[in-house]
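Read off the chains here:
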Amino acid sequence: MELRGSALLKAPLRIEGEYKRPTDDTLVRAVRAPYVETTTIRGGEATIERSGKARRFSLSRVPELQGLQASFGAMLSGDRAQLERYYAIDASGTRQAWTLHLVPRDKALLAKVRDIALHGRGAELRCIETRPAKGDTQRTLLAGAARSAHGVDDAQALAALCQAQ
Amino acid sequence: MNHAPLRPGLRLALALLWLAILVVAGWAISRHLELSGDLRRFMPSARTPAQKLLIDELGEGPGSRLLLASITGGDAESVAAQSRAMRERLAHDARFVLVANGEGGLEAFPQRLRPYRYLLSPTLDTHRFDAAYLGEQLQARVEDLGSPASALVEPLVPSDPTLETLTLAETWEPATAPQRLHGVWFDRAGRSALLAVQTRAAGFDPTGQQAAVDAIRAAFDAARGSAKSTLVLTGPGAFSVEIGGRTQREAGWIGTIDTIGLLVLLYVAYRNWKIPLLGALPLASAGLAGLGAVALMFEGVHGITVAFGFTLIGVAQDYPVHFFSHQRTGVQPWASVRALWPTLATGVASTCIAYATFFVSGVEGLEQLAVFTIAGLGTAALATRFLMPALVDPDLRDPAQSAVLERMRAWIARVPQPRMSLVVVALLALAVTIFAPGPFWQNDLARLTPVPADALARDAHLRQELGAPDVRYVIAVQGRDVEDALQRSERLATRLERARVAGGVLDGFDHPARYLPSVRTQHARQLQLPAPATLRAALDTAVATTPLRSDVFAPFLADVETARTSAPLVPRDLVGTPLAIRVDGLLLQRADHATALISLTGLHAPDAVARIAAAEGGSLVDLKQASESLVAAYRGRVLWALGLAAVLLVVAVWVALRSPHRVWRVLAPMALTTVIILAVLRAFGVELNLFHLVALILAAGLGLDYALFFEHAGDDREEQLRTLHALIVCSLMTLLVFALLAWSSIPVLRAIGTTVALGVVSNFVLGLLIARHPHRDPA
């Protein structure tokens with residue numbers, strides 16, 4: 001469950017689907033609603049497939065995705081060292097409601113992404129909050145948070161869900 | 001002129017003064033010398049339309065300014081990063097008009113021209129901006145905003161909701177673009193990043209190409225950093241640079257060995273350390289005089305003039321040697337040079353008369369060559385006659401006292417003078433020359449390049465991977481003006497596209513209207529664009545079906561209105577944009593006409609394409625055939641000049657010697673040698689080119705001199721010994737120089753080297769057999 005805000009949109013776009021890691025170096029973002037779309041991130045490239053047409057682009061053009069890919073990998077494999085390579089990390093909260101604050105080390109990435117907050121509960125990563133240098137905060141709700149978000153439309157409520165209160 | 005010899009110290013001082021003058025003159029000439037690498041000056045004027053296109057309009061095909069690069073080694077991601085870094089650096093370099101690695105494309109389109117996207121893109125040929133089409137497009141944009149690519153798309157949407165800029169960027173991709181990995185072009189195996197770089201310098205501008213190749217290598221070194229990747233650079237420019245470098249390296253070591261060899265040879269022959277210095281002065285003066293004369297009489301000196309010229313005046317090295325071998329204790333230098341002068345003058349004069357025929361060839365390069373050689377040989381002869389006697393040590397060893405030479409002479413004297421056997425040899429050589437299998441002439445200039453086969457294969461491979469245009473074929477469509485040429489190119493493109501889709505004819509093509517459609521087409525697209533109120537209504541209807549805000553599309557409405565009401569784009573609107581480069585390369589504008597060029601990729605059926613081109617008034621130009629026919633025309637001129645030269649040579653020698661028997665003895669060795677060289681080359685399957693011809697002329701000149709001196713020696717034993725000594729030194733010097741050239745890996749140098757080396761041996765032997773007088777034993 002993701003919320004994408006944009007100045008062009010009347011309300012944040014609510015997208016449902018799932019993230020998968022079929023292999024260690026691949027991240028798949030499968031959107032089920034309101035339309036079907038599959039994004040495969042592998043080897044520094046993203047491929048977006050929608051209604052039979054595929055578009056590819058390099059992650060170097062979208063540094064925020066690179067961060068996503070790296071942090072996902074590191075989180076899921078519990079590899080803190082890898083995460084440290086990309087971000088300055090600041091952990092806070094309790095085991096039941098923790099937050100990892102990631103500030104990009106790479107200048108190019110920092111110019112686009114101010115910081116990323118990972119919220120979780122126990123072993124579960126529940127939400128990724130990405131604050132771009134300009135524009136609205138993008139939230140990706142996962143696991144239990146995504147299930148709780150079902151049927152919730154209010155942005156404030158979703159933000160609260162994300163921050164795991 | 002019976003001067004007393006100068007004091008030794010003064011003689012040396014004068015020789016050094018001469019050398020100093022030459023150095024200063026050489027420096028002065030080199031400052032004013034403008035060497036032109038333009039091959040066209042060395043070519044006869046164009047006659048056929050294809051030749052005209054080659055020489056006057058193109059100079060070369062659109063593909064020949066293209067350098068292809070591939071970066072290999074390491075993982076794809078780092079290779080891609082290097083490709084991006086290289087492009088970043090080269091794109092801002094004025095030496096390149098286009099640096100493409102598959103990246104971006106949007107930045108190629110300048111901001112002020114953005115509204116014109118609706119006139120340049122083919123979208124409006126098939127779609128209208130109504131509520132249905134806009135609704136469909138806007139829904140796709142919403143999905144884009146929800147996708148990981150949102151950051152790329154979001155800034156474009158307000159002004160370009162149909163993403164026309166992306167459509168254009170895709171339209172402008174090479175006809176068969178390679179795959180993209182990490183945002184840049186990669187080969188099919190996904191291991192090498194590919195770049196296509198178009199230089200501003202012409203393909204035949206060696207200096208410009210060298211600078212371009214250096215810049216690319218520097219950019220690669222900077223991009224590579226500490227990575228262990230390698231760069232492969234191919235394309236006509238890269239090859240010519242590589243050949244240039246190799247020629248220079250080989251010429252370097254050949255020159256060094258030559259210099260050492262000649263110095264040693266001259267020292268051994270005369271046992272006087274000043275002789276090597278003195279011996280070099282006339283030749284060096286000849287070269288400078290030749291260069292100076294050409295620089296005075298012509299605008300630019302052609303590089304080939306210099307190369308051929310120095311080859312041809314090599315014969316001048318022999319002049320002082322004849323003098324040295326005849327100078328001995330007890331004889332005044334002035335007296336010995338006077339005794340030789342009639343023979344030397346006959347040789348020089350007849351050779352110069354022969355070269356003068358190049359004047360009537362009507363080819364500037366050949367005229368330059370005539371001026372160069374006549375000025376050079378004349379200078380060398382006069383220097384030997386009037387300066388050398390004052391400088392040489394009068395008491396040189398007399399070769400006539402050498403026991404070794406005497407034994408050699410006695411042995412030669414026992415060899416009977418051949419008569420019938422010569423006729424047999426001549427007939428045999430003629431038969432081999434005429435009947436040897438294989439083509440007689442080599443017309444393909446490209447085959448003269450020593451580019452290794454694997455480098456050519458790499459080039460072909462890269463060309464195929466990158467979809468780079470064919471360097472041999474191009475379609476030329478002439479129109480009354482730019483608009484006419486563009487309209488023709490559009491119609492032709494439609495037909496070619498049909499053929500391409502049908503398959504088997506060609507893989508792709510590129511034409512100017514792809515980047516700049518004709519005014520007529522732009523007008524038609526303007527008519528398809530809705531008026532502001534209509535568009536506003538359609539957009540509102542479309543936006544209402546999406547979660548998009550309706551108030552963000554003002555830039556789009558403004559752009560469409562600008563496109564709808566502005567004057568269509570013409571070439572001068574593109575000046576200063578990357579588009580201008582693409583268009584200029586394919587659209588040649590002249591005062592009274594314009595020519596559109598359509599470059600072809602993966603041409604499988606030239607005949608079919610030629611028919612399609614003809615249907616729209618265009619023609620498929622075979623640049624290779626055009627250049628070959630030019631070479632053939634050029635050779636025709638040279639052969640005519642040579643025929644005339646041969647006649648004049650016979651007349652000149654006849655006037656000088658005034659006896660049919662003597663004329664026969666002097667001319668037979670060189671005539672026979674020419675046939676023998678031809679026979680040997682043909683027997684070994686060598687296809688003859690212009691360089692062989694030039695070398696044959698030099699060999700004939702040497703043969704004439706050898707025979708003249710053998711003949712001049714008469715039947716006096718001592719004179720015969722001195723002449724034998726001089727000619728052995730002369731022929732060994734020439735043999736040394738040209739035998740080394742024959743070992744070169746550069747086909748041009750090898751052609752000249754083998755031909756002249758063969759000629760020296762044959763001329764010496766035949767001169768000895770035919771031209772010498774039977775000896776008269778001392779009583």
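Rules behind the numbers
- Residues numbered from 1 in each chain as written.
- Chains lettered and ligands numbered in written order.
- Predicted model: local features only at pLDDT ≥ 70, side-chain atom pairs only at ≥ 80, totals over all residues.
- Heavy atoms only, no water.
- Helix = DSSP H or I, 4+ residues; strand = E, 2+ residues; numbered from the N terminus.
- Buried < 20%, exposed > 50% of the residue type's maximum accessible area, 1.4 Å probe, protein only.
- Areas by Shrake-Rupley, 256 points an atom, 1.4 Å probe, with all protein chains shown as cover.
- Core = buried A, V, L, I, M, F, W, Y, C linked by side-chain atoms within 4.5 Å.
- Contact = heavy atoms within 4.5 Å.
- Expected span 1.5 Å × (residues − 1).
- Arc of directions from axis to C-beta.
- Buried area = accessible area lost by both parts, 1.4 Å probe.
- Salt bridge = Lys/Arg side-chain N within 4 Å of Asp/Glu carboxyl O.
- Polar contact = N/O pair within 3.5 Å; in protein donor to acceptor, adjacent residues only side chain to side chain.
- Phe/Tyr/Trp six-rings, centres within 6.5 Å; stacked < 30°, edge-to-face > 60°.
- Pairing = 2+ DSSP bridges.
- Axes fitted to C-alpha atoms, helices over the stretch in contact; angles between N-to-C directions.
- Left-handed = near helix turned anticlockwise from the far one by under 90°.
- Nonpolar A, V, L, I, M, F, W, Y, C, P; charged D, E, K, R; others polar.
- pLDDT = per-residue confidence, 0-100.
- Patch = residues over 30% accessible without salt bridge, like charges linked within 9 Å, V, L, I, M, F, W, Y side chains within 5 Å.

Participant: Any chance you could explain the overall build of chain B here in plain terms?
Facilitator: In terms of regular secondary structure, chain B is built from 30 helices and 13 strands. Expressed as a percentage of its 779 residues, the buried residues of chain B come to 55%. Carbon and sulfur atoms make up 63% of the accessible area of chain B, which amounts to about 32,700 Å² in all.

Participant: Honestly, the nonpolar core in this entry has me stumped. Any pointers?
Facilitator: Within soluble globular proteins, side chains that are nonpolar tend to cluster in buried spots. Residues and elements named next belong to chain B. Ranked by internal contacts, the top residues of the largest apolar core, which has 109 residues, are Tyr319, Phe324 and Leu377. Looking at this core element by element, the count peaks at 17 residues for helix 28 (residues 690–712). In this structure phenylalanine 324 touches Tyr270, Ile275, Leu278, Gly279, Met388, Val392 and Leu396, once residues within four positions along its chain are discounted. Counting 76 residues, the second largest nonpolar core, distinct from the first, contains Leu119, Leu120, Leu496 and Val560.

Participant: Whenever I open this one, helix 18 (residues 420–435) of chain B confuses me. Can you help?
Facilitator: Since the α-helix turns once every 3.6 residues, residues separated by three or four places project in the same direction. All names here are of chain B. A rise of 1.5 Å per residue sets the reference length of helix 18, with its 16 residues, at 22 Å; its end C-alpha atoms lie 22 Å apart and thus fit the reference within 8%. When we look at burial in helix 18, the residues that qualify are Leu422, Ala429 and Thr433. End-on view of helix 18: buried residues confined to an arc of 40°, all on one side of the axis. Of the exposed residues in helix 18, those oriented more than 90 degrees away from the buried face are Met420, Leu427, Leu428, Ile434 and Phe435. Structurally, helix 18 contributes buried residues whose contacts are with helix 27 (660–683) and helix 30 (747–771).

Participant: Is there a simple way to explain helix 21 (residues 519–528) of chain B in this structure?
Facilitator: Residue and element names in this part refer to chain B. Burial in helix 21 covers these residues: Thr521, Gln522, Arg525 and Gln526. The buried residues of helix 21 occupy an angular sector of 145° when the element is viewed end-on, so they sit on one face. On its buried face, helix 21 sits against helix 4 (117–120), helix 5 (123–126), helix 20 (482–502) and helix 23 (554–565).

Participant: Looking at this model, I keep getting lost on the interface of chain A and chain B. Mind explaining?
Facilitator: Many authors give the size of an interface as the accessible area that is lost as the parts come together. With 28 residues of chain A at the contact, the number on the chain B side is 27 residues. Summing the contributions of chain A and of chain B, the shared interface buries around 2,400 Å²; its carbon and sulfur component is 57%. Of all residues in chain A, the largest losses of buried area upon contact with chain B belong to Leu8, Lys10 and Arg50 of chain A, amounting jointly to 27% of the total for that side. Across the chain A-chain B interface, the total number found is 2 salt bridges. As a salt-bridge pair, aspartate 144 of chain B and arginine 50 of chain A come within 2.7 Å of each other at their nearest N and O atoms. Counting across the chain A and chain B interface gives 8 residue pairs in polar contact (both at pLDDT 80 or more). Mapped onto the side of chain A that touches chain B, the elements with two or more residues apiece are strand 2 (13–20), strand 4 (37–42), strand 5 (45–50), strand 6 (53–58) and helix 1 (63–77) of chain A. Of the residues forming the side of chain A that touches chain B, the biggest block, 4 residues, is contributed by strand 6 of chain A.

Participant: Explanation requested: the packing of aromatic side chains in the structure shown.
Facilitator: How two aromatic rings sit relative to each other is set out by the distance from centre to centre and by the angle between their planes. Residues and elements named next belong to chain B. One pass over the full model with this rule turns up 10 aromatic pairs over all chains. Considering the side-chain rings of phenylalanine 129 and phenylalanine 556, the 6.0 Å spacing of their centres and the 55° angle between planes classify their relative orientation as tilted. Within this pair, whereas phenylalanine 129 is found in the loop between helix 5 and helix 6 (131–145), its partner phenylalanine 556 is found in helix 23, the two being separated by 427 residues in sequence. Here a set of aromatic residues connected by ring pairs shows up, and it is made of Tyr118, Phe129, Tyr133 and Phe556.

Participant: Explanation requested: the pairing of strand 3 (residues 96–100) of chain B in the structure shown.
Facilitator: On a regular strand, each side chain points to the face opposite its neighbour's, so the side chains alternate between the two faces of the sheet. Residues and elements named next belong to chain B. By the criterion of burial, strand 3 is predominantly enclosed, with 4 of the 5 residues buried. By the bridge criterion, 4 bridges tie strand 3 to strand 6 (residues 193–199) in an arrangement that is antiparallel. If you follow alanine 100 over to strand 6, its bridge partner there is alanine 196.

Participant: Mind showing me how you'd approach the pattern of salt bridges here?
Facilitator: Close approach of charged atoms allows side chains of opposite charge to pair. Residue and element names in this part refer to chain B. Evaluation of the coordinates by the stated rule reveals 35 salt bridges over all chains. One salt bridge in this structure joins arginine 117 and aspartate 559, with 3.0 Å as the shortest N-O distance. With arginine 117 in helix 4 and aspartate 559 in helix 23, this pair connects stretches of sequence that are 442 residues apart. The exposure class of aspartate 559 is buried, given its relative accessible area of 15%.

Participant: In this structure, what is going on with unusual backbone geometry? I would like to understand it.
Facilitator: Peptide bonds are, in most cases, trans, and in most cases residues other than glycine have a negative phi. The amide bond that connects alanine 33 of chain A to the next residue, proline 34 of chain A, takes the cis arrangement and shows omega of 5°. Relative to the assigned elements, proline 34 of chain A resides in the loop between strand 3 (26–33) and strand 4. Of note in this structure, leucine 163 of chain B is not a glycine but carries a positive phi near 50°. With respect to the helices and strands, the residue leucine 163 of chain B is situated in the loop between helix 7 (150–153) and helix 8 (164–171). Although it is not a glycine, arginine 658 of chain B adopts a positive phi angle of roughly 55°. By the element assignment, arginine 658 of chain B lies in the loop between helix 26 (623–657) and helix 27.

Participant: Whenever I open this one, the packing of helix 22 (residues 532–544) of chain B against helix 23 of chain B confuses me. Can you help?
Facilitator: Working note: a packed helix pair is described by the angle between its axes plus the distance between those axes. Residue and element names in this part refer to chain B. The N-to-C vectors of helix 22 and helix 23 enclose an angle of 145°; their axes lie 10 Å apart at closest approach. Both helix 22 and helix 23 take part in a crossing whose hand is right-handed. Taken together, the residues of helix 23 that come into contact with helix 22 (itself represented by Pro532, Leu535, Arg536 and Leu539) are Phe556, Leu557, Val560, Glu561 and Arg564. Grouping the constituent residues of the contact of helix 22 with helix 23 by class yields 6 nonpolar, no polar and 3 charged.

Participant: Explain the confidence of the model for chain B here, please?
Facilitator: Low pLDDT marks regions whose predicted coordinates should not be analysed in detail. Per-chain confidence: chain B averages 84 in pLDDT, with 92% of residues scoring 70 or above. Taken together, the chains of this predicted complex give a pTM of 0.68 and an interface ipTM of 0.83.

Participant: Explain the environment of proline 122 of chain B to me, please; I cannot follow it from the model alone.
Facilitator: Along the chain, the position of proline 122 of chain B falls in the loop between helix 4 and helix 5. Residues contacting proline 122 of chain B, with those up to four places away along its chain left out, are Thr171 and Arg525 of chain B.

Participant: Would you take a moment to explain a nonpolar patch on the surface for this structure?
Facilitator: Residue and element names in this part refer to chain B. On the surface, a nonpolar cluster with roughly 690 Å² of combined accessible area is contributed by Leu296, Met297, Ile353, Phe359, Val360, Leu644 and Leu648. Among the elements of the structure, helix 11 (274–297) and helix 26 are those that each provide at least two residues to the nonpolar patch. Taking relative accessible area as the criterion, leucine 296 reaches 75% and is therefore assigned exposed.

Participant: Teacher, can you tell me more about the side chain of histidine 593 of chain B here?
Facilitator: All names here are of chain B. By the secondary structure assignment, histidine 593 is in the loop between strand 11 (587–589) and strand 12 (594–603). On the accessibility criterion, histidine 593 (17% relative accessible area) is buried. At 3.0 Å, the side chain of histidine 593 forms a polar contact with the side chain of aspartate 592.

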